[in-house]
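What follows is the residue order along each chain.
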Amino acid sequence: MTWDKIVVDIAGLGLIGFIVWFFWLVKTKGVKAVLTSAGYQEQMVLVKGGYTPDVIVVEHGKPVRLNFVRQESVVCSEMVLFPAFNKSARLPEGETVPVEFMPKEPGEYEFACQMGMFKGKLIVE
Amino acid sequence: MKSALEEGTTIESVVGNKAVSRQVSTDREAEAREREYRSLMRKWWFGAAVGTFTMIMSYPWLFPVLRDWFPRESHSLWYVWAGMGIAALAVIGYSGWHFFTGAWQALKHRSANMHTLIALGTGVAWIYSTVALLFPQIFPSGVLTDVYYDVTVVVIALVDLGLAMELKAKGRTSEAIKKLIGLQAKTARVVRDGKEIDIPVEEVLVGDIVVVRPGEKIPVDGEIVEGSSAVDESMVTGESLPVEKKVADEVIGATINKTGAFKFRATKVGKDTALANIIRMVQDAQGSKVPVQRIVDVVSGYFTPSVAILAIVGFMVWYTFGPEPRLAFALIVAVTTLIIACPCALGMATPMSLTTGVGLGALNGILIRGGEALQTAQALETIILDKTGTITHGKPVLTDVVVSREFDEGTMLRLAGGVEKSSEHPLAAAIVEGAINRGLTLSDAESFNAVPGHGIESRIEGRVLLLGNLKLMHDRKIPLDGLEVTAAKLADDGKTPMYVAIDGKPAGIVAVADTVKDDSRQAIQSLKAMGLEVVMMTGDNERTGKAIGRQVGIERVLAEVLPQDKAFNVQKLQLEGKKVAMVGDGINDAPALAQADVGFAIGTGTDVAIAASDITLIKGSLRGVVMAIQISRATMGNVYQNLFGAFIYNVLGLPVALGILYPFFGILLSPLLAAVAMSFSSVTVIANANRLKRWRTS
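Quick look at the structure, then. (Residues numbered from 1 in each chain as written. Chains lettered and ligands numbered in written order. Predicted model: local features only at pLDDT ≥ 70, side-chain atom pairs only at ≥ 80, totals over all residues. Heavy atoms only, no water.)

## So, the overall build of chain B
Counting its regular elements, chain B contains 26 helices and 22 strands. Relative to the globule expectation of 26 Å for 698 residues, the C-alpha radius of gyration of chain B, 36 Å, shows a markedly less compact shape. Along the first, second and third principal axes, the C-alpha set of chain B runs to 125 × 65 × 45 Å. For chain B, the residues scored as buried account for 54% of the 698 residues in total. (Helix = DSSP H or I, 4+ residues; strand = E, 2+ residues; numbered from the N terminus. Rg over C-alpha atoms; globule rule 2.2 N^0.38 Å. Buried < 20%, exposed > 50% of the residue type's maximum accessible area, 1.4 Å probe, protein only.)

## As for the sheet that holds strand S20 (residues 580-584) of chain B
All names here are of chain B. Sheet architecture is open: 7 strands sit in the order S10-S22-S21-S20-S11-S18-S19, paired in mixed fashion. Every interior strand has two partners, whereas the edge strands, strand S10 (366-368) and strand S19 (556-558), have only one. Taken over all neighbouring pairs, the strand axes of this sheet differ in orientation by 20 degrees on average, direction set aside. (Pairing = 2+ DSSP bridges. Axes fitted to C-alpha atoms, helices over the stretch in contact; angles between N-to-C directions.)

## As for the packing of helix H4 (residues 97-108) of chain B against helix H5 (residues 114-134) of chain B
Residue and element names in this part refer to chain B. Where H4 meets H5, the axes come as close as 8 Å, and the angle between the chain directions of the two elements is 125 degrees. In terms of orientation, H4 lies oblique with respect to H5. Along this stretch, H4 crosses H5, giving a crossing that reads as left-handed. Contacts from His-98, Phe-99, Phe-100, Gly-102, Ala-103 and Ala-106 in H4 reach Met-114, His-115, Thr-116, Ile-118, Ala-119, Thr-122 and Gly-123 in H5. (Parallel < 35°, antiparallel > 145°, perpendicular 65-115°, else oblique. Left-handed = near helix turned anticlockwise from the far one by under 90°. Contact = heavy atoms within 4.5 Å.)

## Side note on the pairing of strand S1 (residues 187-192) of chain B
Residue and element names in this part refer to chain B. With 6 bridges connecting them, S1 and strand S2 (residues 195-200) associate as antiparallel partners. The residue bridging Ala-188 from the neighbouring strand is Ile-199, located in S2. Connecting S1 to the next strand, S2, in antiparallel fashion are 2 residues, including Asp-193 with a positive phi near 50 degrees. In terms of strand pairing, S1 meets strand S3 (residues 209-212) through 3 bridges, oriented antiparallel. Considered in S3, the bridge of Val-191 is made with Ile-209.

## Things to note about the packing of helix H3 (residues 75-94) of chain B against helix H6 (residues 149-173) of chain B
Residue and element names in this part refer to chain B. Closest axis-to-axis distance for the H3/H6 pair is 9 Å, and the angle between their directions is 25 degrees. Looking at the two axes, H3 sits roughly parallel to H6. Once H3 is placed against H6, the crossing between them reads as left-handed. On the side of H3, the interface is formed by Trp-81, Met-84, Gly-85, Ala-88, Val-91 and Ile-92, while H6 contributes Tyr-149, Thr-152, Val-153 and Ile-156. Residue classes in the contact of H3 with H6 are distributed as 8 nonpolar, 2 polar and no charged. (Nonpolar A, V, L, I, M, F, W, Y, C, P; charged D, E, K, R; others polar.)

## Concerning the packing of aromatic side chains
Centre-to-centre distance and the angle between the planes together describe a pair of aromatic rings. Residues and elements named next belong to chain A. All chains considered together, the criterion is met by 28 aromatic pairs over all chains. Taken together, a centroid distance of 6.4 Å and an interplanar angle of 55 degrees make the contact between Trp-21 and Phe-22 tilted. Residue Trp-21 is classed as partly exposed on the basis of its relative accessible area, which comes to 43%. Judged by relative accessible area, Phe-22 falls into the buried class, the value being 15%. Among the aromatic residues, those joined into a ring-pair cluster are Tyr-51, Phe-68, Phe-82, Phe-85, Phe-101, Tyr-109, Phe-111 and Phe-118. Taking the ring centre of Tyr-40 as reference, the NZ or CZ of Arg-65 above it sits at 3.9 Å. (Phe/Tyr/Trp six-rings, centres within 6.5 Å; stacked < 30°, edge-to-face > 60°. Lys NZ or Arg CZ within 6 Å of the ring centre and 35° of its normal.)

## Section: the side chain of A:Gln43
Residues and elements named next belong to chain A. Position of Gln-43 relative to the elements: it lies in strand S3 (residues 41-47). Take Gln-43: its relative accessible area is 13%, and that puts it in the buried class. Apart from residues no more than four positions distant in its own chain, Gln-43 is found in contact with Val-31, Lys-32, Ala-33, Pro-53, Ile-56, Arg-65, Leu-66 and Asn-67.

## Overview of the environment of B:Val307
All names here are of chain B. Residue position: Val-307 is located in helix H10 (residues 293-321). Residue class for Val-307 comes out buried when judged on its relative accessible area of 1%. C-alpha separation for the pair Val-307 and Ile-339, spaced 32 residues apart in sequence, amounts to 9.4 Å. Excluding its chain neighbours within four sequence positions, the residues that come into contact with Val-307 are Leu-117, Thr-337, Leu-338, Ala-341 and Leu-654.

## Topic: a nonpolar patch on the surface
Among the surface-exposed residues, A:Met1, A:Ile6, A:Ile10, B:Val313, B:Val317 and B:Phe321 lie close enough to one another that they form a single nonpolar patch of about 620 Å² accessible area. Taken together, the elements giving at least two residues each to the nonpolar patch come down to helix H1 (3-25) of chain A together with H10 of chain B. Among the elements that line the nonpolar patch, the one with the most residues is H10(B), at 3 residues. For A:Ile6, a relative accessible area of 38% corresponds to the partly exposed category. (Patch = residues over 30% accessible without salt bridge, like charges linked within 9 Å, V, L, I, M, F, W, Y side chains within 5 Å. Areas by Shrake-Rupley, 256 points an atom, 1.4 Å probe, with all protein chains shown as cover. Salt bridge = Lys/Arg side-chain N within 4 Å of Asp/Glu carboxyl O.)

Here is the structure:
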């Protein structure tokens with residue numbers, strides 16, 4: 001094996017390691033939803049190439065209201081789904097769309113666009 | 001007082017405005033799609049124009065004249081290629097920029113998607129080409145200094161075209177909602193300050209008096225305050241015949257006024273109307289998930305980064321063990337792998353079919369709650385039909401009139417009908433209606449005496465009339481002259497016979513029955529032909545139940561089931577290990593509907609029924625059940641085709657892109673072909689889902 005092959009293979013393995021670490025191993029810390037005077041745990045979610053924040057922490061037994069604002073025209077993200085809560089909402093560009101539900105059981109629930117390209121996680125404590 | 005009124009107005013106009021914004025937002029969505037489509041098409045044309053030139057000039061030695069003008073490693077060719085590099089950069093900047101921003105946005109969220117793969121593939125091709133062009137000396141062989149700008153340009157153009165086609169096809173999958181919204185009236189004529197004015201339907205307030213003329217659409221839900229008419233409500237309630245409406249009757253928005261003019265007070269407007277509820281339910285269902293998609297969700301979480309890893313592995317293997325020129329091969333393989341992978345097809349496979357299937361149902365008066373109901377419905381084995389109101393009309397009618405020799409039918413029925421006018425028994429109404437329908441004028445009874453458990457004794461037109469069961473006739477010592485045999489036969493057919501005696505003589509029999517709906521038998525045959533076991537459940541006695549069962553072709557009859565035991569009986573069938581559906585017509589069936597794997601509410605578009613059931617059939621016919629199951633089977637079939645197609649595409653495409661065929665057949669996929677395949681695969685998924693719309697009931 002010549003030196004150039006060794007360099008390419010080491011670089012390749014390094015890159016693979018980076019991909020594994022970057023996409024799967026790093027855990028992002030969630031953002032805790034704020035309890036408003038109306039009794040809702042509220043959080044603004046920006047929809048642009050993904051959900052920001054994409055990990056939201058809420059407490060169980062209190063109603064949650066997530067206000068989605070979509071700032072892109074890519075068709076992929078025009079809907080957001082909460083399969084565990086049987087909720088979905090269309091997100092017209094530039095409009096604030098509230099999604100309300102009641103998390104009863106603690107656990108981790110996913111929310112995503114219809115095709116599952118954009119993903120977020122709701123952690124119920 | 002005035003301020004209170006103003007306050008009320010404000011609240012209502014806010015509600016109204018919500019309806020406006022919903023309407024506007026669907027329009028705006030369509031507009032946004034159109035804009036996006038046009039923009040993608042512009043990007044495609046620009047890419048295609050540059051791409052044609054780039055493709056030819058990347059391989060000038062393949063063309064007779066160009067071969068002589070631009071020989072390999074000539075200065076002239078170098079300048080052409082440099083120009084191509086700049087043009088390719090322009091294509092990246094204009095036609096492909098959204099892939100790069102999309103990839104970057106995703107990266108910021110530590111995720112990767114189709115944009116990431118396209119951006120990586122085209123970006124790597126451009127960078128390699130530019131390095132080869134500017135620093136040819138770092139490459140060991142001249143062949144390696146060929147450029148791949150064509151890959152960058154053509155791939156971007158093709159994927160743009162694919163996205164545009166996808167967008168068009170996607171718009172078509174949600175046409176059902178557009179049609180439902182289209183049912184809505186645009187304007188309403190209301191009375192304000194004593195004058196009739198036309199206003200947009202969104203501005204109608206609760207309490208407004210709305211004027212409707214013949215042939216017009218009723219704009220919102222309300223209650224008639226003046227006039228009467230016949231209204232075609234088929235789009236909401238499924239009732240095919242126009243319904244007579246008079247003062248104090250309810251009218252439903254989006255239904256059509258046929259004959260008369262009337263005024264009504266608006267009770268529900270905007271998002272509260274029956275139609276708005278139906279639209280919302282269909283939208284929710286289209287946004288739900290089919291349980292099989294869970295596998296896809298797991299896969300797609302790993303898919304894109306895995307493809308990137310595969311591309312790197314491909315590069316390493318080809319560079320380390322591949323034939324010369326190794327670098328070129330390794331690069332092509334890596335770029336092709338990135339481009340051929342199509343996470344989109346995988347992600348769209350189920351939502352596209354679900355949206356189309358649910359929409360198809362809605363257009364046929366079948367409201368499906370969501371993906372789960374759809375998936376369960378296609379796997380049903382047993383279907384329980386409630387008898388009353390589901391198989392039958394749910395309303396007794398006069399079916400038979402038997403007269404003995406001394407009387408004529410007209411007289412007997414006139415007298416019996418006249419007497420029954422005074423009765424509150426449900427069967428009495430059937431006799432009265434039957435008599436009136438036969439053109440008889442009924443007089444009032446002079447005296448009326450109900451004999452509990454027996455029948456009626458009455459005086460009418462100066463004659464004494466007895467109407468009731470066998471016990472009553474025996475009690476009064478009426479000779480029956482063989483009428484018992486006829487009565488027994490009628491009872492065997494599931495009818496309720498009642499003896500009539502006039503002035504102490506047997507006059508005949510009137511029989512009343514809840515009759516079978518016209519198409520019940522045919523629908524039940526279809527269900528059986530589809531391999532379903534059909535069971536009838538009824539609170540009636542076994543004889544009536546069996547009689548109806550014989551008429552419609554059901555062998556298994558659960559008779560004398562008390563309302564509270566319906567759910568338990570559903571459970572008993574489930575314990576036989578079967579997937580059980582329950583079809584019922586209303587609120588009293590709610591526990592059984594909920595217990596069943598799939599609950600069908602039949603003959604209504606009201607919120608209560610929608611809430612209790614998995615599938616709501618707006619029309620009262622059992623054909624709807626057949627159609628709903630057929631639609632669920634067609635949709636799930638479509639889902640499986642799409643999933644299979646998308647999986648197989650990626651499972652076959654990726655190894656080919658990685659060059660697995662090369663050692664055996666010398667075949668290596670070009671990145672351009674990969675781009676065509678990738679675009680084609682997602683368009684195919686949507687086209688297949690759209691195929692569902694052509695489904696017709698068999």
